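Residue-level structure breakdown
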Amino acid sequence: MSRTLRLVHRTGYTYNGPAVASYNEARLAPRANSAQTILHTRLEVTPTPWSASWIDYWGTAVTSFEVHEPHEELKVVSISTVTVDRKPVEGAGMTWNDYADVAIRDEFDELLQDSERTDPGEQFLAAVGEIRAGSDTPAQFVEQVITMVTDRVDYIPGRTSALPTAAEAWQAAQGGCQDIAHLVLAALRSQGIPARYVTGYVLPDQNTEIGETITGSSHAWIEWYDRAWIAYDPARAQVPDDFFIEVAHGRDYDDVAPLRGIFTGAPGSKMFLTVEISRIS
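Residues numbered from 1 in each chain as written. Predicted model: local features only at pLDDT ≥ 70, side-chain atom pairs only at ≥ 80, totals over all residues. Heavy atoms only, no water.

**Some thoughts on the layout of surface pockets**
Roughly 660 Å³ of internal volume is contained in the largest pocket. Along the walls of the largest pocket sit 27 residues, with Lys 87, Val 89, Trp 229, Ile 230 and Ala 231 positioned nearest its centre. Elements that contribute at least two residues to the lining of the largest pocket include exactly α4 (138-152), β11 (218-225), β12 (229-232) and β13 (244-250). Looking at the lining of the largest pocket, the element that brings in the most residues is α4, giving five residues. Approximately 250 Å³ is the volume attributed to the second largest pocket. As for the second largest pocket, its lining consists of 16 residues, and the residues nearest its centre are Thr 160, Ser 218, Tyr 253, Pro 258 and Leu 273. A per-class count over the lining of the second largest pocket returns eight nonpolar, eight polar and no charged. (1 Å grid on protein atoms, 1.4 Å probe; cavity = no way out; pocket = protein on both sides within 12 Å on 5 of 7 lines; lining within 4 Å. Points joined across faces, edges and corners; volume = space filled by probe spheres on them. Helix = DSSP H or I, 4+ residues; strand = E, 2+ residues; numbered from the N terminus. Nonpolar A, V, L, I, M, F, W, Y, C, P; charged D, E, K, R; others polar.)

If you want it as structure tokens, here you go:
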């Protein structure tokens, strides 16, 4: 059954004094794909900026904007209405030999390499190696890795920033959805399985009445390749369904950060963020 969701994401920065100018990129518009139909989307920025829209390397809609006047606060509001209708996706049952094929490794090279965020550390890699030794199939390995990560790392809902590396999340034994996703990505890539980071939103209470607005947050999950992209949300221990809205995918959080930028004039800044989601149908 499809769901139509309305999303309002408010974010931006308050500066410690007037910023003379700021230069930013926003990745906030939901992705149009076979599972999502975008009925409406718009981005509002205050103060009024110069802006340009484009599609980045990973296929994400980006709005670049610049403010060239003194301002003590930058407000960004993304408003979207999306119909989501996700169909079950089944993998082809690739073998370990399939993943070792040069063609696979060439095609997905960027999604097989560690980034700074997905640096696994020796301790985590050792634990992953033990699981690999006992896994007859890649699918079995993926399932057991997710179980290991979620058993060890406590999920902290609402955490809006990612730890610098997956290894730090493993040592801390806690983290946000971003950190749990980075750990799973690190494990899969270390054994030659292409995997990517996905960001978006999830309606936290699926029993919400139609028209009721509830507080949500941005969210992250993963997809791994088995002749098709198989999505799984390790933080919530579920397959993404019609209550998930995808915005972007890439190698890690740094490829898909919702808002990033630089500014001049003020000595510092603080980011703010609120997300509201409501069911339309």
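What follows continues from the structure just given.
**Considerations on the sheet that holds strand β10 (residues 213-216)**
The five strands lie next to each other as β3-β6-β1-β15-β10, forming an open sheet whose pairing is antiparallel. The open sheet has two edge strands, β3 (36-46) and β10, and neither has a second partner. Between one strand axis and the next, the sheet turns by 20 degrees as a mean value, whatever way the strands run. Summarising the sheet, β3 and strand β6 (residues 71-84) pair through 10 bridges and their orientation is antiparallel. In the strand pairing of β6, Thr 37 is matched with Thr 83. (Pairing = 2+ DSSP bridges. Axes fitted to C-alpha atoms, helices over the stretch in contact; angles between N-to-C directions.)

**As for a negative patch on the surface**
A cluster of acidic residues, Asp 101, Asp 106, Asp 109 and Glu 110, forms a negative patch at the surface. The topology assignment puts Glu 110 in the loop between α2 (102-107) and α3 (121-133). (Patch = residues over 30% accessible without salt bridge, like charges linked within 9 Å, V, L, I, M, F, W, Y side chains within 5 Å. Areas by Shrake-Rupley, 256 points an atom, 1.4 Å probe, with all protein chains shown as cover. Salt bridge = Lys/Arg side-chain N within 4 Å of Asp/Glu carboxyl O. Lys, Arg positive; Asp, Glu negative; His and termini not counted. Charge placed at Lys NZ, Arg CZ, Asp CG, Glu CD.)

**Considerations on the sheet that holds β13**
One open sheet holds the four strands; their spatial order is β12-β11-β9-β13, and the pairing between them is antiparallel. Of all strands in the sheet, those bounded by a partner on one side alone are β12 and β13. For this sheet, the mean angle separating the axes of adjacent strands, direction not counted, is 35 degrees.

**Comments concerning empty space enclosed by the protein**
Applying the stated criterion across every chain yields a total of one cavity of 30 Å³ or more. Of the pockets and cavities examined, the largest cavity occupies roughly 40 Å³. Together, His 9, Arg 27, Thr 199, Gly 200, Tyr 201, Ser 218, Val 247 and Pro 258 line the largest cavity. Counting residues per element, the lining of the largest cavity draws most heavily on strand β9 (residues 195-202), which supplies three residues.

**Observations concerning the pattern of salt bridges**
Evaluated as defined, the whole model comprises 12 salt bridges. Across the pair Asp 56 and Arg 27 runs a salt bridge whose closest N-O atoms are separated by 3.1 Å. With a gap of 29 residues between them, Asp 56 in the loop between β4 (50-55) and β5 (61-67) and Arg 27 in the loop between β2 (21-26) and β3 connect regions that are remote in the sequence. Residue Arg 27 is classed as buried on the basis of its relative accessible area of 8%. A network of salt bridges, in which partner residues are shared, links Glu 25, Arg 27 and Asp 56. (Buried < 20%, exposed > 50% of the residue type's maximum accessible area, 1.4 Å probe, protein only.)

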